[in-house]
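# Geometric and topological summary
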Amino acid sequence: MALTYAPASAKPALAALFALDQMLGKIVRTTREPMVGQMRLTWWYEALLKLDKAAPPAEPVLQALYATVVPAGVSGPELAAMIDGWDALLDPPLDAVALERFAAERGERLFAAAAHLLAVEDRRIAVAGRGWALADLSLRLSDPVSRAAARERAAIALEQALTGRWPSRSRALGALAVSARFDVVPRALPEGSPKRVARLAWHRLTGY
């Protein structure tokens, strides 16, 4: 829902960018052996590096990135760098260093690329990306200690990011941060709940 707030011209590229993020997350979630996961991530890393030089193989996510994201000025190496964040989850323990690496390399880089596609600059976008990534991670962690640490870091980052009014062109990313904050507060509201939908709509209209 949040990405529908983006300008129509940017939606295909944003969809491709977040499809890449979902693909990388799926690799980590469905891999039991760290070595296998690293091999799969390495394949994607090398494939993304090549996007600036040649057409990709018949893989839908890569083809969408090649058609929409790379021409918009986000390079293959910039996309490949996000894999470092996911790689941090394959090497336990998931301590403060790993959480910081994940937040920076996944969330901050993802939101930076999205901001480029939206043609916006705002220091809060990087912080929002870190908070969003950690909030999303906290929903998927079974270890209570790691989950609590991710939630705490996410809540701090999102509180900082959502201070002040967001410009209209960046509200798709702001809405992701607003939604993520619902996931890290006590008694979190489920996606699609009326209060959550109303809050996102308010952000779309006002930027707050």
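Residues numbered from 1 in each chain as written. Predicted model: local features only at pLDDT ≥ 70, side-chain atom pairs only at ≥ 80, totals over all residues. Heavy atoms only, no water.

## Let's talk about the overall build of the protein
Let me state the cut-off plainly: The helix count covers DSSP runs of H or I at least four residues long, the strand count covers runs of E at least two residues long, and both are numbered beginning at the N terminus. Using C-alpha atoms as the atom set, the radius of gyration is obtained and then compared with a globule rule of 2.2 Å times the number of residues to the power 0.38. A simple rule labels every residue: compare its accessible area, found with a 1.4 Å probe on the protein chains alone, to the largest value its type can have, and call it buried under 20%, exposed over 50%, or partly exposed in between. Between two residues, a contact is recorded if the distance between any of their heavy atoms is within 4.5 Å. Working definition of accessibility: Shrake-Rupley area with a 1.4 Å probe, residue cover restricted to the visible protein chains. Charged residues are defined narrowly, with Lys and Arg counted positive, Asp and Glu counted negative, and His plus the chain ends left uncounted. In plain terms, the charge of a residue is placed at NZ if it is Lys, CZ if Arg, CG if Asp and CD if Glu.
Check the secondary structure of the protein and you find 10 helices and zero strands. Along the protein, helices (α) and strands (β) appear in the sequence α-α-α-α-α-α-α-α-α-α when read from the amino end. The C-alpha atoms of the protein give a radius of gyration of 17 Å, which matches the 17 Å a tight globule of 208 residues would have. Taking the principal axes of the C-alpha coordinates as reference, the protein spans close to 45 × 40 × 30 Å. Classification of the 208 residues of the protein by burial places 47% in the buried group. Long-range contacts, defined as pairs at least 24 residues apart, comprise 64% of the intrachain contacts of the protein with a sequence gap of at least 6. When the accessible surface of the protein is summed, it comes to about 10,500 Å², and 57% of that surface belongs to carbon and sulfur atoms. Of the charged side chains in the protein, 26 are positive and 21 negative; the average position of the first set lies 9 Å away from that of the second.

## Focus on the packing of aromatic side chains
Note the following rule: Pairing of aromatic rings covers Phe, Tyr and Trp, the last counted by its six-membered ring, and requires centre-to-centre distances within 6.5 Å; plane angles under 30 degrees mean stacked, over 60 mean edge-to-face, and any other angle means tilted.
On inspection of all chains with the given rule, the structure shows five aromatic pairs. With centroids separated by 6.0 Å and ring planes inclined at 85°, the aromatic side chains of phenylalanine 18 and tryptophan 132 adopt a geometry described as edge-to-face. Placement of the pair is phenylalanine 18 in helix 1 (residues 11-29) and tryptophan 132 in helix 7 (residues 123-138), with a sequence separation of 114 residues. Ring geometry for phenylalanine 111 against tryptophan 132: centres 5.5 Å apart, planes inclined by 40°, an arrangement best described as tilted. One end of the pair, phenylalanine 111, is in helix 6 (residues 96-118); the other, tryptophan 132, is in helix 7, with 21 residues separating them in the sequence. These aromatic residues form a ring-pair network of at least three members: Phe18, Phe111 and Trp132.

## Let's talk about the environment of aspartate 21
Within the secondary structure layout, aspartate 21 lies in helix 1. Residue classification places aspartate 21 among the buried residues on the basis of a relative accessible area of 5%. Distance in space between the C-alpha atoms of aspartate 21 and glycine 107 is 9.4 Å, their sequence separation being 86 residues. Apart from the residues lying within four places of it in its own chain, the contact partners of aspartate 21 are Trp86, Arg106, Leu110 and Trp132.

## Details of helix 2 (residues 34-49)
How we decide: Given the number of residues in a helix, its expected span is that number minus one, multiplied by 1.5 Å.
In this model, helix 2 (16 residues) spans 22 Å end to end at C-alpha, consistent with the 22 Å of a helix rising 1.5 Å per residue. Buried residues along helix 2 sit in contact with helix 1, helix 3 (60-69), helix 4 (76-80) and helix 5 (83-87).

## Topic: the packing of helix 6 against helix 8 (residues 144-161)
How we decide: Orientation is described by lines fitted to C-alpha atoms, with helices fitted over the stretch in contact, and by angles between N-to-C directions that extend from 0 to 180 degrees. Every angle not falling under 35 degrees, over 145, or within 65 to 115 is termed oblique; those three ranges are roughly parallel, roughly antiparallel and roughly perpendicular. Take the far helix as the reference: if the near one is turned anticlockwise from it by less than a right angle, the crossing is left-handed, and if turned clockwise, right-handed. Under the convention adopted here, Pro, Cys and the residues Ala, Val, Leu, Ile, Met, Phe, Trp and Tyr are nonpolar, Asp, Glu, Lys and Arg are charged, and Gly plus all remaining residues are polar.
Close contact between helix 6 and helix 8 brings their axes to 11 Å; oriented N to C, the two are set at 45°. What the angle tells us is that helix 6 and helix 8 run oblique. Helix-helix and strand crossings are classified by hand; for helix 6 and helix 8 the assignment is right-handed. Within the contact between the two elements, helix 6 uses Ala96, Leu99 and Glu100 and helix 8 uses Ala149, Ala150 and Arg153. Its residues assigned to classes, the contact of helix 6 with helix 8 comprises four nonpolar, no polar and two charged.

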